[in-house]
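# Per-entry structural report
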Amino acid sequence: MKYDDVEGMRVAVFGTGPKVIVAVHGITASLMAWNAVAARLPEEWSLVSMDLRGRGHSAGLPGPYGLERHAEDVLRVAEYVGAGPDAVLTGHSMGAYVAVLAGARRAFSRVVLVDGGLPFPPVPPGADVDAEIEATLGPAIARLSRTFATAGDYVAFFRAHPAFIGHWTPEAEQYVRYDLTGPEGALRSRASGAAVREDGRWMRVNGARIGAALAAIEAPVTLLRAPRGLLNQDVGMLPGPLAEQWTAKVPGLRDELVPDCNHYTIMFDDRCAALVAARLSGA
């Protein structure tokens, strides 16, 4: 893996193959969310990922945030690395929504959405969107305001997350340690709480824009869904009826359930990450 800088945005290239995948991470994540998937790609592929503004080593980039701003950044990175129309575009969680917006703006050979990218139902009148976001993201947002005495404490915090209990991997630990900043005794996540909240709100209230973009993508679109949710609960982030609704609306959308994984382990579990890698490389 090698790092680069694109107008202040941290970019990583995993692998050296001539075939390119442009990959986008989730709402509180970083480019290292793709390390396990990248390690399982065939050698003719390389995967390019970036720390979105407000996250990782791009945390210092200013707002405004919002998924359309992130899509602009993704397309800027794709142009910088020379990703042509034969490149693959992918995103996980919030990154899948960003990939939908980016994929509607320019040509890719295919778009792969990993447990994200389908518009949520409209916000009911009078609903408290911010409260809904806090409840949904829960522990992910809570950690952004916490400090940790050591890196080991931060790792232990993640290992106790319901999604990771019994499913910890070296790649997950590498992902967690990459996220740390600050002095020993007061370590914290690099992710900006302001960016997370602004992006969460944008994603929740702009379902119509996301749906229009999804329908406008000319490339084949594959949705890889986890059957279990963010907290390893029985219902995934994208339930079957929601997927059925959108596969009926978008003829080019193919839905695939990835068995025995949750919203996080779909990216880090050996079997799940290998399947994601296989779909990215066309297998």
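What comes next concerns the included structure. (Residues numbered from 1 in each chain as written. Predicted model: local features only at pLDDT ≥ 70, side-chain atom pairs only at ≥ 80, totals over all residues. Heavy atoms only, no water.)

### A closer look at the pairing of strand β1 (residues 2-6)
Successive side chains on a regular strand alternate, one facing one side of the sheet and the next facing the other. Of the pairings in the sheet, the one linking β1 to strand β2 (residues 9-14) comprises five bridges and is antiparallel in character. Bridge pairing in β2 places valine 6 opposite methionine 9. Hairpin connection, β1 to β2: the antiparallel pair is bridged by two residues, and glutamate 7 has positive phi, about 55°. (Pairing = 2+ DSSP bridges. Helix = DSSP H or I, 4+ residues; strand = E, 2+ residues; numbered from the N terminus.)

### A word on the sheet that holds strand β6 (residues 110-114)
What holds strands together in a sheet is hydrogen bonding between their backbones, with the strands either parallel or antiparallel. A sheet is described by the order of its strands in space; here eight strands give the open sequence β1-β2-β4-β3-β5-β6-β9-β10, paired in mixed fashion. The open sheet terminates on both sides in strands that have one partner only, identified here as β1 and β10 (253-257). Adjacent strand axes in the sheet meet at a mean angle of 20° when their direction is disregarded. Inspection of the sheet shows β6 paired to strand β9 (residues 221-225) by four bridges, in the parallel sense. Looking at β9, one finds that valine 111 is bridged to valine 221. (Axes fitted to C-alpha atoms, helices over the stretch in contact; angles between N-to-C directions.)

### Some thoughts on the state of the cysteines
Applying the stated rule across the entire model yields zero disulfides. Looking at the unpaired cysteine 261, the closest cysteine sulfur is the one in cysteine 272, lying at 3.7 Å. (Disulfide = S-S within 2.5 Å.)

### A few points about the packing of aromatic side chains
A full pass over the atoms with the stated rule returns 12 aromatic pairs. For the pair phenylalanine 158 and tyrosine 175, a centre-to-centre distance of 6.3 Å together with 85° between the ring planes defines the contact as edge-to-face. Of the two residues, phenylalanine 158 sits in helix α6 (residues 151-159) while tyrosine 175 sits in helix α7 (residues 170-178), which places them 17 residues apart along the sequence. For the pair phenylalanine 158 and tyrosine 175, one class covers both residues: buried. (Phe/Tyr/Trp six-rings, centres within 6.5 Å; stacked < 30°, edge-to-face > 60°. Buried < 20%, exposed > 50% of the residue type's maximum accessible area, 1.4 Å probe, protein only.)

### Overview of helix α8 (residues 193-205)
Between its first and last C-alpha, α8 extends 18 Å over 13 residues, near the 18 Å set by a 1.5 Å rise per residue. Of all the positions in α8, only Gly193, Ala195, Val196, Asp199, Gly200, Trp202, Met203 and Arg204 are classed as buried. A side-chain oxygen of the first residue of α8 lies 3.3 Å from the backbone nitrogen of alanine 194; this N-cap is serine 192. (Expected span 1.5 Å × (residues − 1). Polar contact = N/O pair within 3.5 Å; in protein donor to acceptor, adjacent residues only side chain to side chain.)

### Description of the packing of helix α2 (residues 67-80) against α8
The axes of two packed helices give the description: the angle between them and the distance between them. Look at α2 against α8: their axes get within 9 Å of each other, and the N-to-C directions meet at 105°. Relative to α8, α2 is oriented roughly perpendicular. From α2, Leu67, Glu68 and His70 reach across to α8, where they touch Asp199, Trp202 and Met203. Of the residues that constitute the contact of α2 with α8, the class distribution is three nonpolar, one polar and two charged. (Parallel < 35°, antiparallel > 145°, perpendicular 65-115°, else oblique. Contact = heavy atoms within 4.5 Å. Nonpolar A, V, L, I, M, F, W, Y, C, P; charged D, E, K, R; others polar.)

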